[in-house]
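Each chain is listed here by its residues.
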Amino acid sequence: RVPQVQPRAEELSELYRELSQHPGLSAACLGPDLTTQYGGKYCSLYTEWSQRDLARAENIKFCRQYLIFHDGASIVYSAPAGTCSEIKDELLSRESPSGTLKAVLRKVPGKEKEKEKQFLEVWNQNQKVKSIDLTALDKHGSVYDDDQFGCLAWSHSETHLLYVAEKKRPKAESFFQSKAPELGTSDEDMGHPKKEDAPVKVGSPHPGSAGGWLCGCAADQAVPQGEQFVYHEDWGETLSTRSVPVLCVLDIEGNSISVLEGIPEHLSPGQAFWSPEDTGVVFVGWWHDPFRLGLRHCTNRRSALFFVDLTGGRCEQLSEDTRAVWSPRLSPDGCRIVYLENTVLGPHQQCSCLRMYDWYTKHTSTVLETVPRQAWGAFPGIYCGALPGMCWAADSRRILLDTAQRSQQDVFVVDTATGTTTSLTADSPKGSWSVLTIDRDLMVARFSTPSYPPVLKVAVLPAAGHEAQTQWICLQDAPPVPGISWDIRTLQPPPEQEHAQYRGLDFDAILMRPSEGPTAQKPPLVVMPHGGPHSVFTAGWMLYPAALCRVGFAVLLVNYRGSLGFGQDSVASLPGNVGTQDVHDVQLCVERVLQEEMLDASRVALVGGSHGGFLACHLIGQFPDTYHACVVRNPVVNIASMVATTDIPDWCLTETGLPYKPDALPDPAQWTEMLHKSPIRYVDRVRAPVLLMLGEDDRRVPPKQGLEYYRALKARGVPTRLLWYPGNNHALAGVEAEADGFMNIALWLLKHLQC
């Protein structure tokens, strides 16, 4: 067998290299309208893409620009402008409202033993006009470049920039730190003020706005002793360097950086922008008492919308303090703010409400409620991590959003005055649509399918009442990946598996299968349940499933009950039923496709990560005769042992069906229930060989979960292999780990399914 492995590995690596080169589209920005000498209008479209560079073992970013000629009602002509160019070391960038300036946050490697620096740059249409060394100024810690707290917002006057950074932390000393002897006479001894105590010129975003609310820098403080090893809480998975965020302002003309004061100490601010007329700052504040919980992918954390008035010095709460809010967006006319809202705690991802705050009447209204059940032809509900950065139409009445609709993702326009919704992709190809931006009613979107890598689409938003006539144009086309066919199928659980409270729920699965090659007639089957569990597979481009399909496997992506896009009832049906309802849904789907499709039932394997790994471990224990190989990535194995080590202990109790309170410890019956719902319970029945892939820095499902399962399998003689990825967290998304992961997954499946 050994001589056959190397040629197969070379074929697999070439296949992965080919498919991983398809770039992903991440951002778009439309420039201002210009007029030709013949009276026609055109604008530039700047797009950012990411691509895996296997040789450098990193994700690279590059930009691509286009010209769009339009008449205000339709796209007349469009074409690329020049070739692609790599973007180096940009952390954030933002065009000014007029489109004549651009702000860039850039990281610069330190020289020799110096630490990495951050610069805030301002560019005009011809050159760089400002470059400010934020690290040298030392007014705050690192600037946040994440999409959870981070922002880079221009004031409407284009004279100030607003961003979020880590609060400056005083340097601590040991109790035994040697003191340098004092030599000579200090300025203070001579009656002169120290330089650090000199008045700081505070940049003011509005006349008379300083008032102590923009603090130029922290006063010189005595260095505390014995503080070196004090624990500082952070915000968990992917946010381990985020602890105490502060809002900061750059006065571009005055070259001064100021830290905004007045934020209540029990709040962590983020997602900030300037209020109308630049009189203050609007932000989302997350409560962090009694302690911080993981925030990434958790849209159920207590938070509210706030306004800090820089002219009067007050901090005002704009939304309820018993809800979870995020993604606020100000209308072009400065009159309204829309934002998303969820209940606090409960499932981490839910069907969200769309709320709107009127700036001048101070009235808050609900634009869209949660949707209990999805129905074709009706709006499915909002299931998105964020609204587009620019989501408002030019009329300041309609907004754009994308959301899961069962196993697809579509774009909708919402009339905020009436709450009516219209699909803008209903008559377009089925797949996964995402809004990137809208400006002056020019819309930019991303589209892909399981066999079609992401492409760029543009359209003009029709007048109100005519939105269904939207005509999308592809700016950058790419041929579909050959050898992959796919379809979506719907399944209904049998009566004995119906949920007592939420009867009549169904679910979907996406089946991908090879359409060419030696196994096309009767391929082996790889079953992939998603993680979350409140997540969803939409019919878009996914590298691993596409690559496995090209290898010769059929791939079954299961959206069991509890997935997003099927209504809030489906989400609510799963907590308390993990390990049974979701497991039975996946097994039902597998048995059904094996009956209805030409697939090799003797060669069925499981691949899953996080909660998908939880389900995979359950399935090989509960149905050992069905599965012949298994791969799990950072799996949940034992909920009872995970609750004390994860950044989301509330998840462990909520999904088990138990109440979560920060000040309450589980009682013995609750510990038993968590263990009862865990796949470790069935480890004695496992026979399928298991490959485990663990991220060393995983805060969500700590790697000790996988190690616990590894040792249990080894003790029972089950063929087991463990891959350990340093520097990788829960997603195992590092380029090197992702590439190595695919190779090991494919070789493991080929070996143990005897392909």
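Reading the values: the criteria
- Residues numbered from 1 in each chain as written.
- Predicted model: local features only at pLDDT ≥ 70, side-chain atom pairs only at ≥ 80, totals over all residues.
- Heavy atoms only, no water.
- Disulfide = S-S within 2.5 Å.
- Buried < 20%, exposed > 50% of the residue type's maximum accessible area, 1.4 Å probe, protein only.
- UniProt positions renumbered as here; feature names shortened; annotations may be inferred.
- Helix = DSSP H or I, 4+ residues; strand = E, 2+ residues; numbered from the N terminus.
- pLDDT = per-residue confidence, 0-100.
- Contact = heavy atoms within 4.5 Å.
- Axes fitted to C-alpha atoms, helices over the stretch in contact; angles between N-to-C directions.
- Parallel < 35°, antiparallel > 145°, perpendicular 65-115°, else oblique.
- Pairing = 2+ DSSP bridges.

Moving on to the state of the cysteines. One pass over the full model with this rule turns up zero disulfides. With no disulfide of its own, Cys315 lies closest to Cys151 among cysteine sulfurs, the gap being 15 Å. Assessed through its relative accessible area of 28%, Cys315 is described here as partly exposed. Unpaired in terms of disulfides, Cys589 finds its nearest cysteine sulfur in Cys549, a separation of 15 Å. Here Cys589 falls in the buried class, since its relative accessible area comes to 0%.

A word on the UniProt feature "domain: Peptidase S9 prolyl oligopeptidase catalytic" (unreviewed entry) in the chain. As annotated in UniProt, the feature "domain: Peptidase S9 prolyl oligopeptidase catalytic" (unreviewed entry) corresponds to residues 547–754 in the numbering used here. In residues 547–754, helix accounts for 43% and strand for 14%; the two terminal C-alpha atoms are 18 Å from one another.

Across the chain, the average pLDDT comes to 92, with 93% of residues at 70 or higher. Across residues 1–5, where pLDDT falls below 50, the model places one contact with residues more than four positions away in sequence or in other chains. Counting interchain partners and residues more than four positions distant, the pLDDT-below-50 stretch residues 185–212 has 37 contacts.

What follows covers the packing of helix H5 (residues 581–596) against helix H6 (residues 611–622). Across the interface, H5 lies against H6 with an axial gap of 10 Å and an inter-helix angle of 70°. Here H6 runs roughly perpendicular to H5, going by the angle between their axes. When H5 is examined against H6, the residues Asp582, Val583, His584, Val586 and Gln587 are found in contact with a partner set consisting of His611, Phe614, Leu615, His618, Leu619 and Gln622.

Pairing is antiparallel in the open sheet, where four strands are placed in the order S16-S17-S18-S19. Taken across any chain shown, the strands that pair with only one partner, and hence form the sheet edges, are strand S16 (267–274) and strand S19 (315–317). When the angles between neighbouring strand axes are averaged without regard to direction, this sheet yields 30°. Note that strand S17 (residues 280–287) and strand S18 (residues 303–309) share seven bridges and pair antiparallel. By the bridge assignment for S18, Gly285 is matched with Ala304.

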